[in-house]
Amino acid sequence: MQFQKTDNASAMTGNIRTINEDFQVDEIPDFEPSGDGEHACLKIRKSGQNTEWTGKQLADIAGIARRDVSYAGLKDRHAVTTQWFSVWLPGKPSPNWSEQLPESIEVLEEVRHHRKVRIGTLRGNRFKLVIRECVCDKAAVDSTIETIRKQGVPNYFGAQRFGRDNHNIQRADAWFSGDIKPKARHQKSMYLSAARSWLFNHYLSERVGAKTWDSALDGDVFQLDGSNSCFYESLTDTLQKRVDAFDLHPTGPMWGLGELASRDEVNAAENRIAAQFSVLSAGLEKHGLKQDRRSLRLMVPELSHQWLADDVLELSFRLKPGSYATSVLQELGDFTDVNELNKSSKD
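What you see is a predicted model; the values in this text were computed from it and never measured. (Residues numbered from 1 in each chain as written. Predicted model: local features only at pLDDT ≥ 70, side-chain atom pairs only at ≥ 80, totals over all residues. Heavy atoms only, no water.)

Asker: Please give an account of the nonpolar core that cites residues and values.
Answerer: Residues Phe-162, Phe-176, Trp-198, Leu-199, Leu-204 and Leu-280 are the most contacted members of the largest nonpolar core, which totals 34 residues. Those elements that provide at least two residues to this core are helix 4 (167-176), helix 5 (185-209), helix 7 (264-276) and helix 8 (278-286). It is helix 5 that contributes the most residues to this core, ten residues altogether. Listed in part, the 24 residues of the second largest apolar core include Met-12, Val-141, Leu-315 and Leu-329. (Core = buried A, V, L, I, M, F, W, Y, C linked by side-chain atoms within 4.5 Å. Buried < 20%, exposed > 50% of the residue type's maximum accessible area, 1.4 Å probe, protein only. Helix = DSSP H or I, 4+ residues; strand = E, 2+ residues; numbered from the N terminus.)

Printed below as a string of structure tokens:
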């Protein structure tokens, strides 16, 4: 499903992920290895491999259980990415990784640390994306990018959350309806995340359509910029100015048990989305998730671009954890993911 774009969005078309090097992601860690300890922290560059598979290769080489290899965040498979892994090797030397890893996985750095790398221990990710065979009005694209630099983009969850043809949403609906019983923990987690993200995206899409995704409404819950801290307060000129200055951002619901913190018409709109997808919202409550909030607006620091050729655009930017490069791409146009296209043609 295509969620609502802003009025600023350009109408470019083109191809992404033509080759792995067209989608580069570099993790920004939120820890400093101590230099000694039971965990070997590895900075790894990989091409065309997903994070879980890479973790299994490290575990097999080290001769340990897969659960003793950890990482800060999942990274795209069809990309060139750098990220940190930790491998638990108490009282053991590190194996010679380079001799046993495939060419698609390279250890750039190894440092010992006293604790494992945990999910979420990152400050964000840097992206470098190349769009090929662009068809567009270059001036319009340049204008869109400049506006994104100033005001950000709608903070949608990426389509990968929902699976191909929204498969994860279909499975979540079937699970919550009692038609299936997923046994694996990772499947349950994936379906719960997909359902929650689906409701949030629909609410955000309504706000984008109403042109209120980046402005304050009376009844909104606000999030401090650079923080997960949220609060409700009746709208005042001071709050509006803080939103306009990007010090605060309006939020939407991450559905779960408990009362919504929003008020008035905002509260009614959030409940209306939950009622529209009543099986999903009830399922999230049944499985114990708690009400939470997520910013409707995503700022895009360090955004720059250059035309490598008349029909080739390169973008560079940084995003905070939990946000998606596809949210930026959506505002630029509609693109064909060549890797996804190739997979579909083989099915």
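Asker: I'd like a description of the sheet that holds strand 9 (residues 221-224), backed by residues and values.
Answerer: Strand order in the open sheet formed by four strands is 10-9-11-12, and the pairing between neighbours is antiparallel. At either margin of the open sheet sits one strand with a lone partner, and together these are strand 10 (230-232) and strand 12 (292-295). In this sheet, neighbouring strand axes are inclined to one another by 45 degrees on average, regardless of whether the strands run parallel or antiparallel. With three bridges connecting them, strand 9 and strand 10 associate as antiparallel partners. (Pairing = 2+ DSSP bridges. Axes fitted to C-alpha atoms, helices over the stretch in contact; angles between N-to-C directions.)

Asker: Which residues make up helix 9 (residues 325-332), and what are the values?
Answerer: Of all eight residues in helix 9, seven are buried, a share of seventy percent or more. At the exit of helix 9 stands Gly-333, carrying a positive phi of roughly 160 degrees.

Asker: Pulling in residues and values, what's your account of the side chain of Arg-297?
Answerer: Here Arg-297 lies in strand 13 (residues 297-298). A distance of 3.2 Å separates a polar atom in the side chain of Arg-297 from the backbone oxygen of Asp-214. In contact with Arg-297, not counting residues within four places along its chain, are Gln-151, Val-153, Asn-155, Trp-213, Asp-214, Val-243, Phe-246, Leu-248, His-249 and Pro-250. (Polar contact = N/O pair within 3.5 Å; in protein donor to acceptor, adjacent residues only side chain to side chain. Contact = heavy atoms within 4.5 Å.)

Asker: Can you explain the side chain of Arg-207? Please cite residues and give values.
Answerer: The residue Arg-207 is located in helix 5 in this model. In terms of polar contacts, Arg-207 uses its side chain to reach the side chain of Asp-220, at 3.0 Å. Residue contacts for Arg-207: discarding those within four places in its chain leaves Thr-212, Trp-213, Ser-215, Leu-217, Asp-220, Pro-250, Val-266 and Leu-296.

Asker: Explain the pairing of strand 15 (residues 312-319) to me, using residue names and the numbers behind them.
Answerer: Most of strand 15 sits out of view: seven of its eight residues are buried. The pairing of strand 7 (residues 122-135) with strand 15 spans seven bridges and is antiparallel. In the strand pairing of strand 15, Ile-131 is matched with Leu-313. As judged from the five bridges shared by strand 14 (residues 304-309) and strand 15, these two strands associate in the antiparallel manner. Note that in strand 15 the partner of Trp-307 across the bridge is Leu-313. Hairpin connection of strand 14 to strand 15: two residues between the antiparallel strands.

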